[in-house]
Amino acid sequence: MVNSINSIIDSANSVLILLPSRPFFDQVAAGLSLYLSLKGRKPVAITCPSEMTVEFNRLVGVNEISKELGSKDLTIRFPNYPADNIERVSADVEKDEFFLRVIPKPGFESPKENQLDISYSGVSADTTIMVGGANETHFPALSSGDLEGAKLVHIGIKELATSQDRAVLSFARPAGSASEIVAALIKESGLSMDADIATNLLVGIEDGSNNFESGEVTPETFEMAAYLMRQGGSRKVKPEVERESFPPGAIPGEFDRTKTKKDTPKEWMEPKIYQGDTRS
């Protein structure tokens, strides 16, 4: 397995790491860690069809995950501008600068800046590594044609079910988390491992294994966690909500912190005198 992943990376010109739709925290941690590990070795990009939500902000480098599948081709559109108003378009290079000119027909104005839309598309990577997911519906790009011709690799805790007649090299195996598998691949193949990567993998293992309580947890899971901590990995505990952040009276049984002695009735603060019943 180690020689296979090394040979795949060595033979790749560039790598695209693809996360599934609506990924679990563990899957994002695993894919992002692999991306960071390859970043200094190969041209690499990481993408996810879903937006990254607040829960993923604990992961180092999460801002580098793009929603766009690729950036091979630049597309310029003029939405809400009638194409019939354009007389011609010319392109030229002047002093090593590229110019694109849009010339409108006589009597018509040129497109405005707010009518200009720039986007990127197309995948230039020749190797795509899918992390997590259970079937091809979790990776819409598989059916879009954008990955046509790319070598497909899958890493996860179960085999990726596909109906298409495309070869997928699988590194899937039973484990407590996808992060545990990626950690093992990085360690055994000699890929880069620093404190940030180790931290991402460690919190991914904890989350994916339900704090090591999953039935898939093995002694190797704990050994890997210990290894990551020795590499500088930090157990980032989820931030606790401060009691003071709740409005007064929101916590049952707790007094209103906004009340002061000035708000308290005077008789409540005076000493209490109790008299016994002298009746016989």
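Structure's up top.
We now turn to the structure provided with this report. (Residues numbered from 1 in each chain as written. Predicted model: local features only at pLDDT ≥ 70, side-chain atom pairs only at ≥ 80, totals over all residues. Heavy atoms only, no water.)

The next point concerns the nonpolar core. Generally speaking, soluble globular proteins have nonpolar side chains that are buried together. In this structure, Ile 17, Leu 34, Leu 59 and Leu 228 are the most contacted members of the largest nonpolar core, which totals 48 residues. In terms of residue count, the dominant contributor to this core is helix H2 (residues 25–38) (9 residues). Residues in contact with Ile 17, not counting those within four places in the same chain, are Gly 31, Leu 34, Tyr 35, Leu 38, Val 44, Ala 45, Ile 46, Thr 47, Ile 129 and Val 131. Within the second largest apolar cluster, 10 residues are counted, among which are Leu 18, Met 130, Ala 141 and Leu 160. (Core = buried A, V, L, I, M, F, W, Y, C linked by side-chain atoms within 4.5 Å. Buried < 20%, exposed > 50% of the residue type's maximum accessible area, 1.4 Å probe, protein only. Helix = DSSP H or I, 4+ residues; strand = E, 2+ residues; numbered from the N terminus. Contact = heavy atoms within 4.5 Å.)

With that settled, consider the pairing of strand E2 (residues 44–47). Sheet analysis places strand E1 (residues 15–18) next to E2, joined by 4 bridges and oriented parallel. Directly across from Ile 17, in E2, lies its bridge partner Ile 46. For the crossover from E1 across H2 to E2, the handedness is right-handed. (Pairing = 2+ DSSP bridges. Right-handed = clockwise from strand over helix to strand, strands pointing away.)

On to the layout of surface pockets, then. Looking at the largest pocket, its volume works out to about 340 Å³. In this structure, the largest pocket is lined by 19 residues; those nearest its centre are Phe 24, Gln 27, Gly 132, Gly 133 and Ile 157. Elements with a contribution of two residues or more to the lining of the largest pocket: H2 and helix H4 (195–208). Here the lining of the largest pocket is built from residues that sort into 6 nonpolar, 9 polar and 4 charged. (1 Å grid on protein atoms, 1.4 Å probe; cavity = no way out; pocket = protein on both sides within 12 Å on 5 of 7 lines; lining within 4 Å. Points joined across faces, edges and corners; volume = space filled by probe spheres on them. Nonpolar A, V, L, I, M, F, W, Y, C, P; charged D, E, K, R; others polar.)

Examined against the element boundaries, Asn 200 turns out to sit in helix H4. With a relative accessible area of 0%, Asn 200 lands in the buried category. Dropping the residues within four chain positions of it, Asn 200 is found in contact with Ala 29, Leu 32, Ser 33, Leu 36, Leu 59 and Val 60.

This brings us to the environment of Asp 92. As for its position among the elements, Asp 92 is in strand E4 (residues 86–94). Discounting chain neighbours no more than four positions away, the residues touching Asp 92 are Glu 97, Phe 98 and Phe 99.

With 14 residues, H4 should cover 20 Å at 1.5 Å per step; its first-to-last C-alpha distance of 20 Å lies within 8% of that length. Regarding H4, the residues found buried are Ile 197, Ala 198, Thr 199, Asn 200, Leu 201, Leu 202, Val 203, Gly 204, Ile 205 and Glu 206. Buried positions along H4 lie against H2, helix H3 (178–189) and helix H5 (219–230). Its side-chain oxygen 3.2 Å from the backbone nitrogen of Asp 196, Asp 194 forms the N-cap of H4. Downstream of H4 by a residue or two, Asn 210 has a phi angle that is positive, lying close to 55 degrees. (Expected span 1.5 Å × (residues − 1). Polar contact = N/O pair within 3.5 Å; in protein donor to acceptor, adjacent residues only side chain to side chain.)

A grouping of Ile 76, Val 89, Val 93, Phe 98, Leu 100 and Leu 116 is seen on the molecular surface, where their side chains present a nonpolar patch of about 560 Å² in accessible area. Contributions of two or more residues to the nonpolar patch are made by E4 and strand E5 (97–104). Mapped onto the secondary structure, Leu 116 falls in the loop between E5 and strand E6 (117–121). (Patch = residues over 30% accessible without salt bridge, like charges linked within 9 Å, V, L, I, M, F, W, Y side chains within 5 Å. Areas by Shrake-Rupley, 256 points an atom, 1.4 Å probe, with all protein chains shown as cover. Salt bridge = Lys/Arg side-chain N within 4 Å of Asp/Glu carboxyl O.)

What follows is about H3. At 3.6 residues per turn, the α-helix brings residues three or four places apart onto the same side. A rise of 1.5 Å per residue sets the reference length of H3, with its 12 residues, at 16 Å; its end C-alpha atoms lie 17 Å apart and thus fit the reference within 8%. Of all 12 residues that make up H3, 10 are buried, and the element is covered over most of its length. Those residues of H3 that sit buried are Ala 178, Ser 179, Glu 180, Ile 181, Val 182, Ala 183, Ala 184, Leu 185, Ile 186 and Ser 189. Looking one or two residues past H3, Gly 190 carries a phi angle of roughly 75 degrees, positive in sign.

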